[in-house]
Amino acid sequence: MSSKYTQFDRSRLKVLPLAERRSLIDTGLIEAPTMCAEVHPSLRIVAEELAAARKKNSARVLMIGAHVIRSGMQRYLFDLMEKGLINCIAVNGACAIHDFEFALLGQTTECVATYISNGQFGLWQETGQLNDIISKGNAQGLGFGEAVGKYISENNLPHAEISLFAKAYELGIPVTVHAGIGYDIIHEHPNCNGAAVGEASYRDFLIFAAQLEQLEYGVVMNFGSAVMAPEIYLKALAMVRNAAANATPKRSIRNFTTLVCDLHDLPENVGNEAPKSDAQYYFRPWKTMLVRTVADGGKSYYVRGFHARTIPQLWSAASNL
């Protein structure tokens, strides 16, 4: 039995080579790590908590939105990964796209206003290769992130050295991709297999949840993800707390640190969530990561700023330990 509703015929699409697209960002944006003269006090504390978590072999989780990739912060993250201060990275589908385009061509990001006006937005041949990579990886039992990192690394793409996915794959650090079907430009393409995307991304969610089983005395950080990060964290934390409470002997996952870095202007004291009458109530990282999930023993910190400032500060604090 099939749906009674009409589906869009993807064979009608015209997919062009990336050579015909004007990209807005290239690898010149990616910075070499530079020590910051000033570091936010909260980032110093979190750096110390990361070092303590490394010593206890607790989770050191980084969750990011795609603007971290587009801000050129890769080499700062590479160093934190190599130091053992990050041992899991959770991203959205756009991160995979920007990372892959950087690795393949040294360029990424199109002008949405330009290309949506003529219907060409997102329909680029080389970017669509990700669909085949995901499908092949899924058939091999890989997660979305592992499949992409493996492909970039093993095929030695021209700019593989600045790929977060490839670096993580080589270090044995899981990058979990949490895709929303229809969110990403590769879902426009005729070769997109929704079943493979869904299965590979769900596998990544289970990998992410397994990492949170070690969150006691650990750290979970969110740079710039307003929906994906707090939502996967909330559900995975519920799962691991449920399993821990039903284990023999029972375990507790309550003593850990959360960090959110974003551009919202939150009050100095973020320990109490905003009332529902306040628009800030609907900023999920605040109520989920900074209040509700640390209410039974955890600590939380918020730092307002662009990623190009907060990530170098965190790196600087960690380098001075």
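Being a predicted model, the structure only gives us computed values, none of them experimental.

Per the secondary structure count, the chain includes 12 helices and eight strands. In terms of C-alpha radius of gyration, the chain reaches 20 Å, essentially the compact-globule figure of 20 Å for 321 residues. Seen through its principal axes, the chain has C-alpha atoms that stretch 55 × 55 × 45 Å. Looking at the chain residue by residue over its 321 residues, the buried ones come to 52%. A separation of at least 24 residues holds for 81% of the contacts in the chain among residues at least 6 apart in sequence. Summing over all exposed atoms, the chain offers an accessible surface of approximately 14,900 Å²; the carbon and sulfur share of this is 50%. Charged side chains in the chain number 30 positive and 31 negative. The centres of these two groups are separated by 5 Å.

A cis geometry characterises the amide bond from T248 onward to P249, with omega recorded as -5°. On the secondary structure map, P249 appears in the loop between helix 10 (228-245) and strand 7 (257-262). The backbone of N57 sits at a positive phi, close to 60°, despite the residue not being glycine. Here N57 shows up in the loop between helix 1 (41-56) and strand 2 (60-64). Phi at T109 is positive, roughly 80°, even though this residue is not glycine. Here T109 is to be found in strand 4 (residues 107-110).

Below, the discussion takes up the side chain of D184. Structurally, D184 is set in the loop between strand 5 (175-177) and helix 9 (194-212). The side chain of D184 sits in the buried core without any salt bridge; R70 is the nearest counter-charge, 11 Å away. Separated by 3.4 Å, the side chain of D184 and the backbone nitrogen of A94 make a polar contact. Sequence-distant contacts of D184, defined by excluding residues within four places in its chain, comprise G93, A94, I97 and A179.

On to the environment of D278. Within the fold, D278 resides in the loop between strand 7 and helix 11 (284-291). Remark: the alpha-carbon pair of D278 and I232, spanning 46 residues in sequence, is separated by 24 Å.

Parameters at a glance
Residues numbered from 1 in each chain as written. Predicted model: local features only at pLDDT ≥ 70, side-chain atom pairs only at ≥ 80, totals over all residues. Heavy atoms only, no water. Helix = DSSP H or I, 4+ residues; strand = E, 2+ residues; numbered from the N terminus. Rg over C-alpha atoms; globule rule 2.2 N^0.38 Å. Buried < 20%, exposed > 50% of the residue type's maximum accessible area, 1.4 Å probe, protein only. Contact = heavy atoms within 4.5 Å. Areas by Shrake-Rupley, 256 points an atom, 1.4 Å probe, with all protein chains shown as cover. Lys, Arg positive; Asp, Glu negative; His and termini not counted. Charge placed at Lys NZ, Arg CZ, Asp CG, Glu CD. Salt bridge = Lys/Arg side-chain N within 4 Å of Asp/Glu carboxyl O. Polar contact = N/O pair within 3.5 Å; in protein donor to acceptor, adjacent residues only side chain to side chain.

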